[in-house]
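Spelled out, the chains give:
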Amino acid sequence: MISPEKKMDLLVSLCKRRGFIYPDSEIYGGFANAFDYGPYGVELKNNIRDAWWDMFVRGRGDVIGLDAPIIQNPKMWEASGHLQNFSDPLVDCKRCKRRFRADHLLEAKQAEPGYDKEKPLEIADIKCPECGGELTDIRNFNLLFKTFIGVTEDVSNVAYLRGETAGGMFVAWKNIRDSVRNKLPFGVAQVGKAFRNEITPGNFIFRTREFEQMEIEYFVKPAEAPQAFELWLEGMKKWLSDVLHIKDENLNFHEIPDEERAFYSARTIDVEYRYPFGLKELYGLANRTDYDLGRHQEYSKEDLRWLDPETGEKILPYVIEPSWGLSRTVLVTLLEHLDIDEADTAEGGDKEPRMVLRLPPRLAPVKAAFLPLQKKDELTTIAQELAQSLRSEGINVEYDESGSIGKRYRRQDEVGTPWCFTVDFESLEDKKVTVRDRDAMTQERIAIAEVAGWIKDRLK
Ligand code: GAP
């Protein structure tokens, strides 16, 4: 067990040391809250994304994909309300000049032990958490990143980096309706980068200015929206338990009360995770009614209604929007499966603490490692051939001949490799290798000819 206080530090240093996630632009002194996904981080992120796409797009008959640009016609952000409302309330400390999210300060104050929640709370009642100075009034700060298209930087050339992937799917609705889907319900899925000029990024990759989302807009007849919401909630729960293997006790499904919901939302649930820094949002699920299509219809002057072939009636569909942060999923997957237990020392002596990432095999960056017991040609050849045969089937594996076998196991444990195969001198006689299980640390011998099938069976 790792204490919550230590867990973030351990994870951040493991991510850098083992090549999952690095601080960005380090040779230039870094660039705050920007990160590079290193070799193992990219594999993990892509495996999560692919598992999501398999489950929610290819695995169903009613969801199709889209890949829209990051910079689109800026009118869409006016229509969606982002130019007016996509902002965070901000306060500055008059003394130390630090900047804070007013809503976060208010929440923290209300969470203090013994605080009377009925008492009205104003930002003027709160002092700077860093220096105790007085805070300014609240100002709203728009989160969209602005840029310019073309050579002149004037107002007519302003465009925005998308603040969410969702918008592209509403804008493409008419083309999708007219080209490939004319029956409700159906969903459109998109995975990609989103950008927000966050005032308080932080907690590693929890909140950054550039991140990835996986979102679905599920278009339904209005009367069917409540039931579709329930089904998507089930889908999100299944994803968390069956794919990410997140324990129930680490999750909370927070029903947003009427008075706190966006005015257009008929129902919203925030899926929260127990991070080492507190219970905070992981995903969101909303019944957005016909707000988005209604606004785009109004601003584009295009008829975005759907013709019900049964009744001949034209309606604006309602939208159920399950929204997953891909970057946040990477963080939660790493946090959930990072563990320290005990193992024999690398030299085979007494027990020592072992750091291990117990990633579900399907998500693990490396599925198996092939390790010759010694650097002898007859052993290295078998191990290399085995590794290459798996690679040629699209399975990411490693070959490692450097250092003691104990040290090589530790390295693979720390990157979450579920199985290590050791080739020893007996292998030359019995044509078998020893497979060691990352979690149980048990070992068994299996025939070399069966290794590929053995791994593939377990990845299913
Ligand atoms: N289309 C709805 C939407 O974008 P959101 O709650 O603002 O809703 C959805 O974002 C998800 O995107 C969040 O639940 C979170 O997983 C992720 N997310 C949002 N802002 C983020 C940030 N600054 N850094 C990392 N992930 C973020």
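Please read these numbers as outputs of a predicted model, since none were measured by experiment.

What counts as what
Residues numbered from 1 in each chain as written. Predicted model: local features only at pLDDT ≥ 70, side-chain atom pairs only at ≥ 80, totals over all residues. Heavy atoms only, no water. Helix = DSSP H or I, 4+ residues; strand = E, 2+ residues; numbered from the N terminus. Buried < 20%, exposed > 50% of the residue type's maximum accessible area, 1.4 Å probe, protein only. Phe/Tyr/Trp six-rings, centres within 6.5 Å; stacked < 30°, edge-to-face > 60°. Axes fitted to C-alpha atoms, helices over the stretch in contact; angles between N-to-C directions. Parallel < 35°, antiparallel > 145°, perpendicular 65-115°, else oblique. Left-handed = near helix turned anticlockwise from the far one by under 90°. Contact = heavy atoms within 4.5 Å. Nonpolar A, V, L, I, M, F, W, Y, C, P; charged D, E, K, R; others polar.

1. Some remarks on unusual backbone geometry
Piece 1. Residue Pro-185 is bonded to the preceding Leu-184 through a cis peptide linkage, with omega at -5°.
Piece 2. Structurally, the position occupied by Pro-185 is in the loop between helix H7 (173–179) and strand E9 (186–195).
Piece 3. A positive phi angle, close to 60°, is found at Asn-203, a residue other than glycine.
Piece 4. Along the chain, the position of Asn-203 falls in the loop between E9 and strand E10 (210–220).
Piece 5. Assessed through its relative accessible area of 36%, Asn-203 is described here as partly exposed.
Piece 6. Even without glycine at this site, Phe-204 takes up a positive phi of about 65°.
Piece 7. With respect to the secondary-structure elements, Phe-204 resides in the loop between E9 and E10.

2. Things to note about the packing of aromatic side chains
Piece 1. Per the counting criterion, the structure on display carries 24 aromatic pairs.
Piece 2. The interplanar angle of 80° and the centroid separation of 5.2 Å between the aromatic rings of Trp-52 and Trp-324 together place this pair among those described as edge-to-face. Residue Trp-52 is found in helix H2 (residues 39–58), and its partner Trp-324 is found in strand E16 (residues 318–325); the two are separated by 272 residues along the sequence.
Piece 3. Overall, the relative accessible area of 0% leaves Trp-52 in the buried class.
Piece 4. Between Phe-170 and Phe-219, the aromatic rings sit 6.3 Å apart at their centres with planes inclined by 90°, giving edge-to-face as the arrangement. Of the two residues, Phe-170 sits in helix H6 (residues 166–171) while Phe-219 sits in strand E10, which places them 49 residues apart along the sequence.
Piece 5. For Phe-219, a relative accessible area of 0% gives the class buried.
Piece 6. Grouping aromatic residues by their ring pairs yields a cluster made of Trp-52, Trp-53, Phe-56, Tyr-218, Trp-232, Trp-239, Tyr-283 and Trp-324.

3. Details of the packing of H2 against helix H8 (residues 225–243)
Piece 1. Two numbers describe how H2 lies on H8: the axes approach to 12 Å, and their chain directions differ by 140°. As judged from the angle between their axes, H2 and H8 are oblique. Relative to H8, H2 is oriented so that their crossing is right-handed. For the pair H2 and H8, contact is made by Ile-48, Ala-51, Trp-52, Met-55 and Phe-56 and by Trp-232, Gly-235, Lys-238, Trp-239 and Val-243, respectively.
Piece 2. Here the residues of the contact of H2 with H8 sort into eight nonpolar, one polar and one charged.

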